[in-house]
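Below, each chain spelled out in residue letters.
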Amino acid sequence: MDCLFCKIINKEIPSNVVYENDDVLAFYDIAPQAPVHVVIIPKQHIASPAHITAENCDIAGKMFLAASEIAKKLELEKGYRIVSNCGEDGGQTVQHLHFHLLAKRSLAWPPG
Ligand code: 5GP
Ligand code: ZN
C-alpha cells in the first residue's frame, strides 16, 4: 500500500520512535510545530477519523493511552494538546489516522 505512515510502521522509512507496542507507534514529527511534536498512529491502516467504525474504534482508546504514557515519559506535566486532522478542511495531509501530540509551548485557542 502506498501509505507513508504504513511505510514508517514497516521501517521502510526511518523515524525517531518515541513509543511502540503491538497496536500503536509514535514518532517525532519531521516538521515540528512545537518543541515537542509527536505523531501517534495505529499499526492498522485506517485512513482518517472519518473511517472509525464500531468494529475498529477500540484503537482510539489505545491511541489516547499511548498519548498519556508518552506525556509521562516526556514529563509534559504542564500540559499538551492532542489534534487529529480530518480531510481537506481539517488540514489532513497523510491519509492514515493519527494524533498530533504538541507540547512545551503555550498553544493558542481557537487554533485558527
Ligand atoms: P497531517 O497534516 O496529515 O495532520 O499530519 C501529517 C504529519 O506528518 C505532518 O505534521 C508532517 O510534518 C508529518 N510527516 C510527513 N512526512 C513525514 C515523515 O516522513 N516523517 C515524519 N516523522 N513525519 C512526517
Ligand atoms: Zn497507512
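Structure first, text after, so check above.
The following paragraphs examine the structure supplied in this document.

Definitions and limits used
Residues numbered from 1 in each chain as written. Chains lettered and ligands numbered in written order. Predicted model: local features only at pLDDT ≥ 70, side-chain atom pairs only at ≥ 80, totals over all residues. Heavy atoms only, no water. Helix = DSSP H or I, 4+ residues; strand = E, 2+ residues; numbered from the N terminus. Buried < 20%, exposed > 50% of the residue type's maximum accessible area, 1.4 Å probe, protein only. Contact = heavy atoms within 4.5 Å. Salt bridge = Lys/Arg side-chain N within 4 Å of Asp/Glu carboxyl O.

Attention now goes to the environment of Met 63. With respect to the secondary-structure elements, Met 63 resides in helix α2 (residues 58-73). On the basis of relative accessibility, which here comes to 1%, the residue Met 63 falls in the buried class. In this structure the C-alpha to C-alpha distance between Met 63 and Lys 7, which are 56 residues apart in sequence, comes to 19 Å. If we ignore the near neighbours within four places in the chain, the residues touching Met 63 are Val 24, Ile 40, Pro 42, Leu 97, His 98 and Phe 99.

Attention now goes to the pattern of salt bridges. On inspection of all chains with the given rule, the structure shows four salt bridges. Here Asp 2 and Lys 7 are joined by a salt bridge, their closest N and O atoms 2.9 Å apart. What makes Asp 2 exposed here is its relative accessible area of 72%. For Lys 7, a relative accessible area of 24% corresponds to the partly exposed category. As a salt-bridge pair, Asp 23 and Lys 62 come within 3.4 Å of each other at their nearest N and O atoms. Within this pair, whereas Asp 23 is found in the loop between β1 (17-20) and β2 (24-28), its partner Lys 62 is found in helix α2, the two being separated by 39 residues in sequence. Where salt bridges share partners, they join Lys 11, Glu 20 and Lys 43 into one cluster.

Don't take any of this as a statement about function, it's just geometry.
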